[in-house]
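# Commentary on secondary and tertiary structure
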Amino acid sequence: MNLTDKITITDHPLIQHKLTIMRKSTTGSKEFRALVSEIAMLMCYEATRDLPLTEVEIETPIQKTRKNVLAGKKLAFVPILRAGLGMVDGVLTLVPSARVGHIGLYRDPETLNPVEYYCKLPADIGEREVIVLDPMIATGGSAIDAITQIKKRGPKSIKFMGIIGAPEGLKALSEAHPDVEIYVAAMDERLNSHGYIVPGLGDAGDRIFGTK
Ligand code: PRP
Ligand code: URA
């Protein structure tokens, strides 16, 4: 389903089923981690649908032929710490040769503004298509900030892959970075007064790492 040209909701039945289990407060960290990773893998399949291809000559047991492989330097995944880390294994299952950068951000609990504490990106990011990973887009502040940092390093393109987005955050993100394609598995109802997504799934980082 496409909300705008730039926001895709990957509402495949397998993804919706897994997401419903993730949302349940009785789902423990072990299962939650597995589900984040599986959803990320399924969404990555969709988010990489337009990767450029190039023809190469190969030889099958029968004859020589020209067939497609991925073109150029390919992908870099950039998870936003912490919760984005939960998506890395899943996407690397599909694209094992991708590079991985990291951006550390946390939300100030009072202002809800992102505070950056770490940034390490691949040296050749200028030759790569980047997919930023973070399961939650609440106010959109963390995603906007991470993409702003990555743009300073001049990647070929940037996409954002989340799992749940609040309408407010998706709007803010698509307005701040109209060139970035956004993929989420669901758009929820709203944010509550503490900046949490309703109905959401709670704090994704805490649920992945068992810190609460
Ligand atoms: C969560 C989440 C996003 C951010 C979303 O991280 O993983 O990064 O909040 O909120 P926003 O759209 O309003 O910026 P959090 O700040 O809780 O850090 P953590 O992953 O280290 O727990
Ligand atoms: N971050 C989360 O992990 N969950 C929310 O609902 C909002 C921000």
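Refer to the structure printed above.
Thresholds applied
Residues numbered from 1 in each chain as written. Chains lettered and ligands numbered in written order. Predicted model: local features only at pLDDT ≥ 70, side-chain atom pairs only at ≥ 80, totals over all residues. Heavy atoms only, no water. Core = buried A, V, L, I, M, F, W, Y, C linked by side-chain atoms within 4.5 Å. Buried < 20%, exposed > 50% of the residue type's maximum accessible area, 1.4 Å probe, protein only. Helix = DSSP H or I, 4+ residues; strand = E, 2+ residues; numbered from the N terminus. Contact = heavy atoms within 4.5 Å. Phe/Tyr/Trp six-rings, centres within 6.5 Å; stacked < 30°, edge-to-face > 60°. Lys NZ or Arg CZ within 6 Å of the ring centre and 35° of its normal.

Our focus in this paragraph is the nonpolar core. Side chains of a nonpolar character, in soluble globular proteins, are inclined to be buried together. One finds L19, M22, F77, M161 and I163 to be the most contacted residues of the largest nonpolar core, which totals 36 residues. Going through the elements one at a time, α1 (13–23), α2 (29–47), β5 (75–81), α3 (88–94), β9 (129–133) and α6 (204–209) are the ones with two or more residues in this core. Ranked by residues supplied to this core, first place goes to α2 with 8 residues. Not counting chain neighbours up to four residues away, the residues in contact with M161 comprise A40, M43, C44, A47, M87, V91, I131, V132, L133, D134 and Y183.

Moving on: the packing of aromatic side chains. Each aromatic ring pair is summarised here by two numbers: the centre-to-centre distance and the angle between the ring planes. Within the structure shown, the criterion is met by 1 aromatic pair. Aromatic pair Y106 and Y117: ring centres 6.1 Å apart, planes at 35°, arrangement tilted. On the criterion of sequence distance, the pair formed by Y106 in strand β7 (residues 102–107) and Y117 in strand β8 (residues 114–120) is long-range, its members being 11 residues apart. Here Y106 falls in the partly exposed class, since its relative accessible area comes to 44%. Look at Y117 and you get partly exposed, because its relative accessible area is 45%. Here the basic side chain of R107 rests over the ring of Y196, its NZ or CZ set 5.7 Å away from the ring centre.

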